[in-house]
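A structural walkthrough
Chain by chain, the residues:
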Amino acid sequence: MTLRVPPPPAGFATAPRVPWAELEPPIRACVEAAVGRVGDAATVWAGFSCDFAAALGTAHGSYFAKGVRAGHPAVPQQHVEASVAPYVTGLSPRLVRHIRRCGWDVLVFEFVDADHADFSPGSRDLPQVADALRRLGDLPPPGAGVPLARAADRWATYLDTTSLALLDGDALVHTDLNPHNLLADGQRAYLVDWAYATRGPAWLDVAYTVLRLMENGHTAADAENWARQIPCWNAVTEAAADALATAHTRAWRELAGPEDARRCSARVRALAGAIRRR
């Protein structure tokens, strides 16, 4: 069996990855106890946090496993992803096992044979992405027992109480919908890597996707018009869009300085302008 995994884009930077064959035997044995003996493995390069990420072929099927060593800063993100997995099985590959043994924290998912979504104008993947966002907006929020941060808390130091309330909500929000976290196979799109899942307004994921469309050649007006086919997008107001733009600008100014903040915030401000001109 030969597993096909999407290659990294030119110039793409990623965290160093431990190949399957070089993992310590005890953790390989734990993974094989969940999926069967691995006959083929291919390292997956997309993503920044994992120590190990690979597609694994067995007699029982194909799987995707990713993990970090115990004590790694991304361990809490692994737990967030595991906690929301039962709520997103209709949108994402099914979580098969969460392994916390042998000095590792590993998530094992069913493997899907798909490519990173193409966000460029005219892409055949865009209808599939829109359908996935529609279904995401219809999901019931996770129960109170699922420990998720609130999206508005990310901007608590940048906005007043009134503006923050516009960015609050109870929907399950992915918050990192870049093309590497959307896989498309010609029939449907899959949302993967829920490490930064939060509670917030459902339209927030649509906004982030619109910004990625703009990065890939769409104008603000065209990208915002594309988003209107997703029902939850109609809930975003001019005031909420302005609050998001202000939060992003202030956050970037703190992280990167005034000049880089203007450059990095240009798209979100253009999006807010497109919403005002509806």
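Here is what the cut-offs are and how they apply
Residues numbered from 1 in each chain as written. Predicted model: local features only at pLDDT ≥ 70, side-chain atom pairs only at ≥ 80, totals over all residues. Heavy atoms only, no water. Helix = DSSP H or I, 4+ residues; strand = E, 2+ residues; numbered from the N terminus. Rg over C-alpha atoms; globule rule 2.2 N^0.38 Å. Contact = heavy atoms within 4.5 Å. Areas by Shrake-Rupley, 256 points an atom, 1.4 Å probe, with all protein chains shown as cover. Lys, Arg positive; Asp, Glu negative; His and termini not counted. Charge placed at Lys NZ, Arg CZ, Asp CG, Glu CD. Expected span 1.5 Å × (residues − 1). Buried < 20%, exposed > 50% of the residue type's maximum accessible area, 1.4 Å probe, protein only. Axes fitted to C-alpha atoms, helices over the stretch in contact; angles between N-to-C directions. Left-handed = near helix turned anticlockwise from the far one by under 90°. Pairing = 2+ DSSP bridges. 1 Å grid on protein atoms, 1.4 Å probe; cavity = no way out; pocket = protein on both sides within 12 Å on 5 of 7 lines; lining within 4 Å. Points joined across faces, edges and corners; volume = space filled by probe spheres on them. Nonpolar A, V, L, I, M, F, W, Y, C, P; charged D, E, K, R; others polar. Core = buried A, V, L, I, M, F, W, Y, C linked by side-chain atoms within 4.5 Å. Phe/Tyr/Trp six-rings, centres within 6.5 Å; stacked < 30°, edge-to-face > 60°. Polar contact = N/O pair within 3.5 Å; in protein donor to acceptor, adjacent residues only side chain to side chain.

A tally of regular secondary structure across the protein chain gives eight helices and 10 strands. A compact globule built from 278 residues would reach a C-alpha radius of gyration of about 19 Å, and the protein chain, at 19 Å, matches this within 12%. Long-range contacts, defined as pairs at least 24 residues apart, comprise 69% of the intrachain contacts of the protein chain with a sequence gap of at least 6. Summing over all exposed atoms, the protein chain offers an accessible surface of approximately 12,800 Å²; the carbon and sulfur share of this is 52%. Computed over 28 positive and 30 negative side-chain charges, the inter-centroid distance for the protein chain is 1 Å.

Moving on, we get to helix α3 (residues 126-138). It helps to recall that an α-helix has 3.6 residues per turn; residues three or four apart then point in one direction. With 13 residues, α3 should cover 18 Å at 1.5 Å per step; its first-to-last C-alpha distance of 19 Å lies within 8% of that length. Three or more residues of α3 are buried, namely Leu126, Gln128, Val129, Ala130, Ala132, Leu133 and Leu136. Turning to α3, the residues buried within the fold contact β7 (171-173), β8 (182-184), β9 (189-191), α5 (203-215) and α6 (220-227).

With that out of the way, let us pick up the packing of α6 against helix α8 (residues 258-276). One way to put it is that α6 packs onto α8 with a least axis distance of 9 Å and a crossing angle of 65°. The handedness of the crossing between α6 and α8 comes out as right-handed. Across the interface between the two elements, Ala220, Ala221 and Glu224 of α6 pack against Ala270, Leu271, Ala274 and Ile275 of α8.

Sheet architecture is open: five strands sit in the order β1-β2-β3-β5-β4, paired in antiparallel fashion. At either end of the open sheet lies a strand with only one pairing partner, and these are β1 (38-43) and β4 (95-101). With direction set aside, neighbouring strand axes in the sheet form an average angle of 25°. The sheet contact formed by β4 and strand β5 (residues 104-110) spans six bridges and is antiparallel. From the neighbouring strand, Ile99 faces β5, where its bridge partner is Val106. Helix α1 (residues 25-35) contacts β1, β2 (52-58), β3 (61-69), β4 and β5 of the sheet and is inclined by roughly 155° relative to β4. Sitting on the sheet, helix α2 (residues 75-84) is in contact with β3, β4 and β5, with an inclination near 30° to β5.

Further remarks concern the sheet that holds strand β6 (residues 115-116). Overall, antiparallel pairing links the three strands, which are arranged β6-β8-β9 in an open sheet. Here the strands that pair on one side only, and so sit at the sheet edges, are β6 and β9. Each of β8 and β9 is contacted by α3, which is oriented at about 45° to β9, the strand it contacts most.

Time to look at empty space enclosed by the protein. Here the structure, examined in full by the defined rule, presents one cavity of 30 Å³ or more. One number sums up the size of the largest cavity: a volume of about 30 Å³. Lining the largest cavity, in full, are Trp203, Ala207, Trp233, Val236, Ala241, Leu244, Val268, Leu271, Ala272 and Ile275. Of all the secondary-structure elements, those providing two or more residues to the lining of the largest cavity are α5, α7 (238-256) and α8. The leading source of residues in the lining of the largest cavity is α8, at four residues. The class makeup of the residues in the lining of the largest cavity is 10 nonpolar, no polar and no charged.

Here the focus is the nonpolar core. Here is a general trend for soluble globular proteins: nonpolar side chains tend to be buried in one another's company. In terms of nonpolar packing, the biggest core is built from 58 residues, with Trp155, Trp203, Trp226 and Trp233 touching the most fellow members. Where this core is concerned, the elements lending two or more residues are α2, α3, β7, β9, α5, α6, α7 and α8. At nine residues, the largest contribution of residues to this core is made by α5. Apart from the residues within four sequence positions on either side, Trp233 is in contact with Trp203, Val206, Ala207, Glu224, Ala227, Arg228, Leu271, Ile275 and Arg278.

Let's shift gears to the packing of aromatic side chains. Inspection of the entire model under this criterion finds three aromatic pairs. Centroid distance Trp20 to Phe52: 6.2 Å. Interplanar angle 40°. Geometry classified as tilted. Remark: Phe52 occurs in strand β2 and Trp20 occurs in the segment before α1; sequence separation between them is 32 residues. Accessibility classification places Trp20 together with Phe52 in one group, the buried group.

For the rest of this paragraph, the subject is the side chain of His174. Looking at where His174 falls in the secondary structure, it is placed in the loop between β7 and β8. Classification of His174 as buried rests on a relative accessible area of 0%. One polar contact links the side chain of His174 to the main-chain amide nitrogen of Asp176, over a distance of 3.0 Å. If near-sequence neighbours (up to four positions away) are discounted, His174 is found in contact with Asn181, Val192, Asp193, Trp194, Tyr196, Ala197 and Asp205.

Don't take any of this as a statement about function, it's just geometry.
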